[in-house]
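Survey of secondary and tertiary structure
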Amino acid sequence: MREILIVGGGRAGFCTAWGPQKKLRPGEEQVTVVDPRPYMTCQPFLPEVAAGSVEARHAVVSLRRHVSRTQLIAGTVTEIRDEATR
Ligand SMILES: Cc1cc2nc3c(=O)[nH]c(=O)nc-3n(C[C@H](O)[C@H](O)[C@H](O)COP(=O)(O)OP(=O)(O)OC[C@H]3O[C@@H](n4cnc5c(N)ncnc54)[C@H](O)[C@@H]3O)c2cc1C
């Protein structure tokens, strides 16, 4: 099975994980997202959050709820080593 590792569950990481999971058959690929936070922040809403016109909870998207077929690891990637550099 092919394994895909996505570092960061922000806008780019979330969209990368969210798109393919709808098309993949079970067991076809294992997608893993690593991020210290369990949510994606919709940054364009942050000025409204700061102004108090939007609640902070409406500017975040739960990774676990929306990329449910993706393995989530809570943590920070500190180093990436491939086969050649081991
Ligand atoms: C006020 C504001 C308004 C904006 N308006 C627009 C707009 O109208 N249109 C538009 O296209 N863009 C807009 N943007 C820009 C847009 O939000 C960013 O371009 C986008 O969020 C970048 O996505 P990203 O995934 O690269 O980074 P982020 O969304 O910042 O995500 C990075 C993620 O990586 C994680 N991470 C970082 N380091 C590590 C590590 N070592 N290991 C694991 N995880 C890690 C972080 O926790 C974070 O979750 C706006 C931004 C702001 C602040």
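These numbers come from a predicted model, not from an experiment.

Section: the site of the ligand
- Taken together, 16 residues lie around the ligand, and R11, A12, D35, Q43 and V77 are the ones closest in.
- Between the ligand and D35, the relevant distance is 2.5 Å, taken from an oxygen atom to a side-chain nitrogen or oxygen of the residue.
- Between an oxygen atom of the ligand and a side-chain N or O atom of Q43, the distance comes to 3.0 Å.
- For the ligand, whose free accessible area comes to 1000 Å², the fraction covered by protein is 52%.
- When its residues are assigned to classes, the shell around the ligand shows 7 nonpolar, 6 polar and 3 charged.

What about the pattern of salt bridges?
- Using the criterion set out here, one finds 4 salt bridges in the structure.
- Its salt-bridge partner being E28, residue R25 comes within 3.7 Å of it at the nearest N-O pair.
- Residue R25 is classed as exposed on the basis of its relative accessible area of 59%.
- When the shortest N-O distance is used, the salt bridge between R57 and E55 registers 2.6 Å.
- For R57, a relative accessible area of 57% puts it in the exposed group.
- We classify E55 as partly exposed; its relative accessible area is 42%.

Each value, and the rule that gives it
All residue numbers refer to position in the chain's written sequence, counted from 1. For this predicted model, a pLDDT threshold of at least 70 governs which residues receive local features, and a threshold of 80 or more governs which side-chain atom pairs are given and counted, while totals over whole chains, interfaces and linings are taken from all residues. With hydrogens and water excluded, all non-hydrogen atoms of the structure serve as input to the side-chain values. Nearness here has a simple test: a residue counts as near a molecule or strand if at least one of its heavy atoms is within 4 Å of that partner. The definition of a polar contact used here is a pair of N or O atoms within 3.5 Å, where within protein one atom must be able to donate a hydrogen and the other to accept one, and adjacent residues in sequence count solely through side-chain atom pairs. Under the convention used here, a 1.4 Å probe and the Shrake-Rupley method define accessible areas, while residue burial counts only the protein chains that appear. Gly is put with the polar residues, along with every residue not named as nonpolar or charged; the nonpolar set is Ala, Val, Leu, Ile, Met, Phe, Trp, Tyr, Cys and Pro, and the charged set is Asp, Glu, Lys and Arg. Basic side-chain nitrogens of Lys or Arg form a salt bridge, by our definition, when they fall within 4 Å of a carboxyl oxygen of Asp or Glu. Accessibility here uses a 1.4 Å probe with only protein chains present; expressed as a share of the type maximum, an area under 20% marks a residue as buried, one over 50% as exposed, and anything in between as partly exposed.

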